[in-house]
Amino acid sequence: MEKQSTINRLDTESVGKSFARYLIPSTIGMLLMAVNIVADGIMVGNRLGSVALGGIGIASPVYTLFVAVSLWIGVGAATRFSSLMGAKRTDEAHTVFSHAIATIFIVTLLIGLVAFPFRTELAYLLGANADTYPYVANYLYLILLFGFIYTIENTLSIMVRNDGSPNLSMVALIVTAVLNIALNFMFLFMFNFGVKGAAAATLIAAFVGTLILATHFLKKTNNLRFVRFKFDRKLLFLIVIIGFPSFLSEVGISVFTVSHNVVFERLAGTNGVSAFAVLNYVHSVMLLAFLGMGSAIQPLVSYYSGSEDKEKMKKTLQLAISTVLIAGGVFFLIGQLFSASIVSLFGDFPESVIDLAIPGIRLFFIAYLFMGINFVMMTYYQSTGKIRMAIWITASREILLLLILLSILPIAFGVTGAWLAIPVSECLVLLSIFYYQKIWGKPIL
């Protein structure tokens, strides 16, 4: 198709201003979603107890799978969309958007409908026991049937951000988070709906967020347009390849959760699972913060890559790495100084749970010194077409190296070894990035 002479704000705006314009709403939005997740945990822990909290933690990989698929298609399509916009090929960009929304709806609806009849077997496969099974099953019931609502909202949020409206994406995330917290309070404390109420709150809030994002179509500057199309295998394959590192990253979170639940169940029983559930809620905050920072550079680097502006790509990466280094240091200090206070937020737990969770947070938070750079570099490689390196980072962080370390460290150090698996994994991945840049890569900083 012929290039169209569309002037984008990124063509004329300074890198620093563009980075701030995407970083601030992206990070705020993600942090509020993280606060939302923690608030869920606090309310469930205080209202239903530590076993219910552990049950939702066991079921969370299914929710994470839906997020993973939405990121797979959403980030893959958005990266291609921004690259095409940078190259002024807007008609092709419209087709990419249409493919993305149709694909995510069909795929996630089918996943939920196929898995729903087997939710009992799925619950035990994820690590449920006699104590936690009722909570796991109740959570899965609604998430499997209606999870496609969240995936459409997440994909649309990514696309809206890439179409120059990061503030609207932030507003949608804020409203989603606040509404979810309010609904959780109503469903848990006022109507006694239990774990199903927590799942319903998430889905209803996501639906409202989708409606807010849909207002982007009313803007004159909107480039997200539905067009009539035939499914293009080559385009879908390209979207899938580009977005695969993002999918793998979310799958890694599921592997991280399931593997730790299994290890802590074996090492410390239900108390161990409950202690890990507390850590996992807190980890979600830090993870989403880093995700927000990493997501801020994706639209920029993809656009600059399409317009072949290497200098702006380099400046964007420098700003991003400086940002996550500062954030990682702050997160590490929070874990060392306030671990007891963090645990107490989630309820009045037995001493056996507290004694596991407090040192666990202190050890685990070492990972944040390395994790932010790994996130940023993965996004940079993904946005510039170095998909193999992006896949290596995501596959090794929370899958390959993690599973090896979880098999070895607990044997030598017990529960302490389980807490240290992620920090060691993140450190090794960062060293591999340095090695790659030194041996094969061109200087990028």
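Here is what the cut-offs are and how they apply
- Residues numbered from 1 in each chain as written.
- Predicted model: local features only at pLDDT ≥ 70, side-chain atom pairs only at ≥ 80, totals over all residues.
- Heavy atoms only, no water.
- Helix = DSSP H or I, 4+ residues; strand = E, 2+ residues; numbered from the N terminus.
- Phe/Tyr/Trp six-rings, centres within 6.5 Å; stacked < 30°, edge-to-face > 60°.
- Buried < 20%, exposed > 50% of the residue type's maximum accessible area, 1.4 Å probe, protein only.
- Core = buried A, V, L, I, M, F, W, Y, C linked by side-chain atoms within 4.5 Å.
- Contact = heavy atoms within 4.5 Å.
- Salt bridge = Lys/Arg side-chain N within 4 Å of Asp/Glu carboxyl O.
- Patch = residues over 30% accessible without salt bridge, like charges linked within 9 Å, V, L, I, M, F, W, Y side chains within 5 Å.
- Areas by Shrake-Rupley, 256 points an atom, 1.4 Å probe, with all protein chains shown as cover.
- Lys, Arg positive; Asp, Glu negative; His and termini not counted.
- Axes fitted to C-alpha atoms, helices over the stretch in contact; angles between N-to-C directions.
- Parallel < 35°, antiparallel > 145°, perpendicular 65-115°, else oblique.
- Left-handed = near helix turned anticlockwise from the far one by under 90°.
- Nonpolar A, V, L, I, M, F, W, Y, C, P; charged D, E, K, R; others polar.
- pLDDT = per-residue confidence, 0-100.

**Considering unusual backbone geometry**
Phase 1 of the analysis: A positive phi angle is found at K88, which is not glycine, with a value near 65 degrees.
Phase 2 of the analysis: Its identity is not glycine, yet N192 carries a phi of approximately 55 degrees, on the positive side.
Phase 3 of the analysis: Relative to the helices and strands, N192 is located in the loop between α7 (166-190) and α8 (194-213).

**Things to note about the packing of aromatic side chains**
Any aromatic ring pair is given by two values, namely how distant the centres are and how the planes are angled relative to each other.
Phase 1 of the analysis: Throughout the structure, instances matching the rule amount to 26 aromatic pairs.
Phase 2 of the analysis: Between W72 and F244 the ring centres are 5.6 Å apart and the planes differ by 65 degrees, which places this aromatic pair in the edge-to-face class. A residue pair is termed long-range when its members are at least 10 positions apart, and W72 in helix α3 (residues 50-86) and F244 in helix α9 (residues 233-306) qualify at 172 residues.
Phase 3 of the analysis: You can call F244 partly exposed: its relative accessible area is 24%.

**Examining the nonpolar core**
Phase 1 of the analysis: Ranked by internal contacts, the top residues of the largest apolar core, which has 145 residues, are F290, F346 and M377.
Phase 2 of the analysis: In terms of residue count, α9 provides more of this core than any other element does, 29 residues in total.

**Let's talk about the environment of A93**
Phase 1 of the analysis: In this fold, A93 is placed in helix α4 (residues 90-115).
Phase 2 of the analysis: What makes A93 buried here is its relative accessible area of 0%.
Phase 3 of the analysis: Counting along the chain gives 200 residues from A93 to M293, while the straight-line C-alpha distance between them is 25 Å.
Phase 4 of the analysis: In this view, A93 contacts F81, L84 and M85; residues no more than four positions away in its chain are not counted.

**What to know about the pattern of salt bridges**
Phase 1 of the analysis: Across all of its chains, the model carries 4 salt bridges by this definition.
Phase 2 of the analysis: With a closest N to O distance of 3.1 Å, E13 and R21 form a salt bridge.
Phase 3 of the analysis: Notably, a salt bridge pairs E426 with R397, separated by 2.8 Å at the nearest N-O pair. Of this pair, E426 sits in helix α14 (residues 415-439) while R397 sits in helix α13 (residues 387-413); the two residues are 29 residues apart in sequence, bridging distant segments of the chain.
Phase 4 of the analysis: Of the residues examined, E426 reaches a relative accessible area of 0% and is grouped as buried.
Phase 5 of the analysis: Overall, the relative accessible area of 3% leaves R397 in the buried class.
Phase 6 of the analysis: Among the charged side chains, a salt-bridge network with shared partners connects R397, E398 and E426.

**A few points about a nonpolar patch on the surface**
Phase 1 of the analysis: On the surface, a cluster of nonpolar side chains totalling about 580 Å² of accessible area is made up of F185, M186, F189, M190, F191 and F193.
Phase 2 of the analysis: Its location among the elements puts M190 in helix α7.

**Re the side chain of K312**
Phase 1 of the analysis: As for its position among the elements, K312 is in helix α10 (residues 310-345).
Phase 2 of the analysis: Buried charge K312 goes without a salt bridge, the closest partner of opposite sign being D309 at 4.3 Å.
Phase 3 of the analysis: Among all residues touching K312, those that are not within four sequence positions of it are L10, D11, E13, V15 and Y304.

**Things to note about the packing of helix α12 (residues 368-383) against α14**
Phase 1 of the analysis: At a closest axis distance of 9 Å, the pairing of α12 and α14 adopts a crossing angle of 45 degrees. As summarised for this structure, α12 and α14 are arranged oblique, according to the angle between their axes. With respect to the hand of their crossing, α12 and α14 are arranged in left-handed fashion. Only I422, P423, E426, C427, V429, L430, I433, Y436 and Q437 of α14 make contact with α12, whose side of the interface consists of F370, M371, I373, N374, M377 and Y381.
Phase 2 of the analysis: Looking at side-chain class alone, the contact of α12 with α14 contains 12 nonpolar, 2 polar and 1 charged residues.

**Brief notes about the confidence of the model for the chain**
Phase 1 of the analysis: With 97% of its residues at a pLDDT of at least 70, the chain reaches an overall mean of 87.
Phase 2 of the analysis: The low-confidence segment residues 1-7 (pLDDT under 50) makes 13 contacts with residues lying over four places distant or belonging to another chain.

**Examining the environment of F116**
Phase 1 of the analysis: In this structure, F116 sits in the loop between α4 and α5 (119-125).
Phase 2 of the analysis: Ignoring any residue separated from it by four or fewer positions in sequence, one finds F116 in contact with Y141, L144 and L145.

**Here's the deal with the packing of α9 against helix α11 (residues 351-364)**
Phase 1 of the analysis: Packing of α9 against α11 leaves a shortest axis separation of 10 Å and a crossing angle of 60 degrees. By the angle class used here, α9 and α11 are oblique. The way α9 lies across α11 gives a crossing that is right-handed. For the pair α9 and α11, the contacting residues are F256, A268, N271, G272, S274, A275, L279 and H283 in the first and S352, V353, L356, A357, I361 and F364 in the second.

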